[in-house]
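# Remarks on the overall topology
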Amino acid sequence: MFRPIHSFNKLSQRTQGYLLVLFTMCVWGSFSLLSRVTVAWQISPWDVIAMRFAFSALILLPIIHHQKDWQFLWSRRSIILALMGGVGYSCLVYTAFALAPVVHGAVFLNGMIPVATALLLWVFFRVKPDRNTKIALSIIIMTLLAMTTMIMAGAYHFNVGDAIFVACAFCWAGFSVLLREWQLTPWQAMCSTVFWSAVIYLPIYALFIGFSSPNASIVHLGIQGIFHSVLVMIVATVTYAMAVARLGAFQAGGLSSLAPFMSALLAVPLLGEPLSMVMVLGLIGMGLGTVQPWRWLNRS
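Residues numbered from 1 in each chain as written. Predicted model: local features only at pLDDT ≥ 70, side-chain atom pairs only at ≥ 80, totals over all residues. Heavy atoms only, no water.

The next subject is the overall build of the protein chain. Looking only at helices and strands, the protein chain has 15 helices and 0 strands in total. Residues classed as buried in the protein chain amount to 50% of the 300 residues present. Sequence-distant contacts in the protein chain: of pairs separated by 6 or more residues, those separated by 24 or more amount to 87%. On the protein chain, roughly 14700 Å² of surface is accessible, and the fraction owed to carbon and sulfur atoms is 71%. (Helix = DSSP H or I, 4+ residues; strand = E, 2+ residues; numbered from the N terminus. Buried < 20%, exposed > 50% of the residue type's maximum accessible area, 1.4 Å probe, protein only. Contact = heavy atoms within 4.5 Å. Areas by Shrake-Rupley, 256 points an atom, 1.4 Å probe, with all protein chains shown as cover.)

Bringing the environment of W74 into the picture now. Considering the arrangement of structural elements, one finds W74 in the loop between α3 (45-67) and α4 (76-85). A C-alpha to C-alpha distance of 8.9 Å links W74 and S192, two positions 118 residues apart in sequence. For W74, the residues in contact, after removing those within four places along its chain, are F195 and W196. Separated by 3.5 Å, the side chain of W74 and the backbone oxygen of W70 make a polar contact. (Polar contact = N/O pair within 3.5 Å; in protein donor to acceptor, adjacent residues only side chain to side chain.)

This part takes up helix α10 (residues 186-209). Along α10, the largest kink reaches about 30 degrees and is centred on A198. Turning to α10, its buried residues are A189, M190, C191, S192, T193, V194, F195, W196, S197, A198, Y201 and Y205. If you follow the buried residues of α10, they end up packed against α3, α4, α5 (87-99), α9 (160-182) and α11 (218-247). Two residues or fewer after α10 comes G210, characterised by a positive phi angle close to 75 degrees. (Bend = angle between axes of the 7 residues up to and from the residue.)

The next thing to look at is the packing of aromatic side chains. By the definition in use, this model includes 8 aromatic pairs. Ring centres of F195 and W196 lie 5.1 Å apart, and the angle between their planes is 80 degrees; on these two criteria the pair is classed as edge-to-face. Note on F195: relative accessible area 16%, which makes it buried. Between the NZ or CZ atom of R126 and the centre of the ring of W122, over which it lies, the distance is 5.5 Å. (Phe/Tyr/Trp six-rings, centres within 6.5 Å; stacked < 30°, edge-to-face > 60°. Lys NZ or Arg CZ within 6 Å of the ring centre and 35° of its normal.)

Moving on to unusual backbone geometry. Trans is the prevailing form of peptide bonds, just as negative phi is the prevailing case for residues other than glycine. Even without being a glycine, Q42 presents a positive backbone phi close to 60 degrees. Here Q42 shows up in the loop between α2 (13-40) and α3. With a phi close to 55 degrees, R126 is a non-glycine residue in the positive phi region. The residue R126 is located in the loop between α7 (113-125) and α8 (131-153) in this model.

The next point concerns the packing of α4 against α9. For the pair α4 and α9, interaxial distance at closest approach is 8 Å and the crossing angle is 150 degrees. By the criterion of interaxial angle, the relationship of α4 to α9 is roughly antiparallel. α4 and α9 meet at a crossing whose hand is left-handed. Contact with α4, carried on its side by R77, I80, L81, L83, M84 and G85, involves F170, C171, W172, G174, F175, L178, L179 and W182 of α9 and no other residues of that element. Looking at the contact of α4 with α9, its residues break down into 11 nonpolar, 2 polar and 1 charged. (Axes fitted to C-alpha atoms, helices over the stretch in contact; angles between N-to-C directions. Parallel < 35°, antiparallel > 145°, perpendicular 65-115°, else oblique. Left-handed = near helix turned anticlockwise from the far one by under 90°. Nonpolar A, V, L, I, M, F, W, Y, C, P; charged D, E, K, R; others polar.)

Here the focus is the packing of α3 against α11. Here α3 crosses α11 at 60 degrees, and the two axes come no closer than 8 Å. In terms of orientation, α3 and α11 fall into the oblique class. The interaxial crossing formed by α3 with α11 has right-handed handedness. The residues of α11 that touch α3, namely those facing V48, M51, R52, F53, F55, S56, I59 and L60, are L221, Q224, G225, I226, H228, S229, V230, V232, M233 and I234. Of the residues belonging to the contact of α3 with α11, the class tally is 12 nonpolar, 5 polar and 1 charged.

Right, dumping it as structure tokens:
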């Protein structure tokens, strides 16, 4: 039972980080696919967010109470992390997807995360990117510009949803940078995000939104609730925090931003969605910018 954990601990910190990012990418990629399925299942995104925070809080609160280690929850840092990486990011991203196409999310949200992370590190902590990071940022920015040009050529007019996607990118980048800077443990980061997201969002949901999926089946609601609360909110938050601790905010955030592009590839056979040239260009450019294969060539 403990052999896989023992083998994992014997790996180098960087190798552990890459494996953790890979697992996080799989969860977040599945998140994009299941989020698209909610439309066919007639489930409101606001109900998904409520289940995500409520179920995860119900799971974690007894554990926190049993451990009698909740002092860190009352810090200002815990609330800020929840506002940025929990309730704030979730509400922004669902609103943006309601106003703009999914491919725009891949471009202006996930494509912007590495750029936003590097910018926040420089502005607030005076951390200048090294040579390899500058090359990666140049590739990502050129890819974003090329993809934007291709989208505009398709006669699409940008709207407020695209601006919200950019705000989402800075929100998640801020969460990643603060995780690294404040050096909270993965457990503390996850508990803070879950607890305060539930405290902030659920009363607003109960008073002003309410249950909005009367035609959804209990089975579909259960699948969405368990996946978004256990895998996305709890497990993936811990693995991402562990990856940030081992790889840094830029590299962990950049690699994780490939998840929506990978889910777009899976959506072709699973959901019958077309694979556009914009998405192909994004996969190539973001892949080069985040994986940075020249680092391995230099080591060789």
